[in-house]
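The lines below spell out each chain.
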Amino acid sequence: MVELGTGDASAVAGVVAGLPGLTVRSWDVDADSVSAARAVVAERGVADRYTVEHGDFFAGAAGSPARTVITNPPYLPAPDGDLELPGLWGGPDGNALLVRLLGGPWENVVAAVASYADPVGTLEAAADAGYRVTSFLAMPLELGRYSREPKVLDRIRDLVAADRGWADDDSYMVAVALFTRSPLLRVDRSAELAGALQLGVPALAA
Ligand SMILES: C[S@@+](CC[C@H](N)C(=O)[O-])C[C@H]1O[C@@H](n2cnc3c(N)ncnc32)[C@H](O)[C@@H]1O
């Protein structure tokens, strides 16, 4: 498996620790995240199976034999990346890296999908690329400090007003979803995922 965006590695290090057959190669463009991640990976005793590299995922993972990508991709929508935490900038709609990933060669993409980051466009891109959503887990999250940065919140309001996403005054939804092209998994729960992300539910005041 390969990973786009290691962060501090704590989430995936636990998965690797619990699955002795699993090997993950991960990339992050942020040097501080890479240092923190390597420390967490060493502390969890999985450095032999969870490697962390400093650099762009799309360059590093090109040509990888891995069939599965896992990612909590940058998800903040904003007109530019001049943000408090630039590594969380997901392009104008918040889903640029996820959509790019879904345009790649991967059989399986396990990804976090934020309800305010144009999940409509994400689901369209996934369907166009032949992916089905076979399972997901969704939960509500508070709109936090980074989501409330004014130019991010303005963009979230625009996306919600254009029926491209959902948030209310306090919260939004995040789902971790499996997008797959595997012929063994025929079910498609895209519509259920859209429902779990509250698409179509009355939302954030303008
Ligand atoms: C939302 S954070 C997720 C971090 C961690 N996986 C987690 O769930 O806590 C996204 C991460 O992707 C990294 N990132 C952004 N663009 C990237 C790229 N092109 N290649 C690799 N990593 C990237 C950022 O630096 C950031 O650490």
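None of the values given here were measured: they were computed from a predicted structure. (Residues numbered from 1 in each chain as written. Predicted model: local features only at pLDDT ≥ 70, side-chain atom pairs only at ≥ 80, totals over all residues. Heavy atoms only, no water.)

Student: Just checking my understanding: could you explain helix α1 (residues 10-18) for this structure?
Tutor: Each α-helix winds once per 3.6 residues, and so residues spaced three or four apart point in a common direction. If you check which residues of α1 are buried, you get Val-12, Ala-13 and Val-16. Here the buried residues of α1 occupy an arc of 105° about the axis, which is enough to place them on one side. Opposite the buried face of α1, by more than 90 degrees, sit the exposed residues Ala-11 and Gly-18. If you follow the buried residues of α1, they end up packed against β1 (2-4), β2 (24-28), α2 (31-43), β3 (50-54) and β4 (68-71). (Buried < 20%, exposed > 50% of the residue type's maximum accessible area, 1.4 Å probe, protein only. Helix = DSSP H or I, 4+ residues; strand = E, 2+ residues; numbered from the N terminus. Arc of directions from axis to C-beta. Contact = heavy atoms within 4.5 Å.)

Student: I tried to follow α2 on my own but got confused; where do I start?
Tutor: Counted at 1.5 Å a residue, the expected span for α2 with its 13 residues is 18 Å, and the 19 Å between its end C-alpha atoms agrees. For α2, every residue scored as buried is listed here: Ser-33, Val-34, Ala-37 and Val-41. Down the axis of α2, the buried side of the element spans an arc of 95°, and every buried residue falls inside it. Seen from the open side of α2, the exposed residues pointing more than 90 degrees away from its buried face are Asp-32, Ala-42 and Glu-43. For α2, the elements touching its buried residues are β2 and β3. Gly-45, located one to two residues past α2, shows a positive phi value of around 75°. (Expected span 1.5 Å × (residues − 1).)

Student: Can you walk me through the site of the ligand in this structure?
Tutor: The local shell around the ligand holds 18 residues, among which Gly-5, Asp-28, Asp-56, Phe-57 and Asn-72 are the closest. In the environment of the ligand, a nitrogen atom lies 3.4 Å from a nitrogen or oxygen atom belonging to the backbone of Thr-6. Contact distances for the ligand include 2.7 Å between a nitrogen atom and a side-chain N or O atom of Asp-56. When the free accessible area of the ligand is taken as 600 Å², the share hidden by the protein chains comes to 82%. When atoms are counted within 2 Å of each cavity's grid points, the one that captures over half of the ligand is the largest pocket. For the shell around the ligand, the per-class residue count stands at 8 nonpolar, 6 polar and 4 charged. (Near = heavy atom within 4 Å. Polar contact = N/O pair within 3.5 Å; in protein donor to acceptor, adjacent residues only side chain to side chain. Areas by Shrake-Rupley, 256 points an atom, 1.4 Å probe, with all protein chains shown as cover. 1 Å grid on protein atoms, 1.4 Å probe; cavity = no way out; pocket = protein on both sides within 12 Å on 5 of 7 lines; lining within 4 Å. Sits in = over half its atoms within 2 Å of the grid points. Nonpolar A, V, L, I, M, F, W, Y, C, P; charged D, E, K, R; others polar.)

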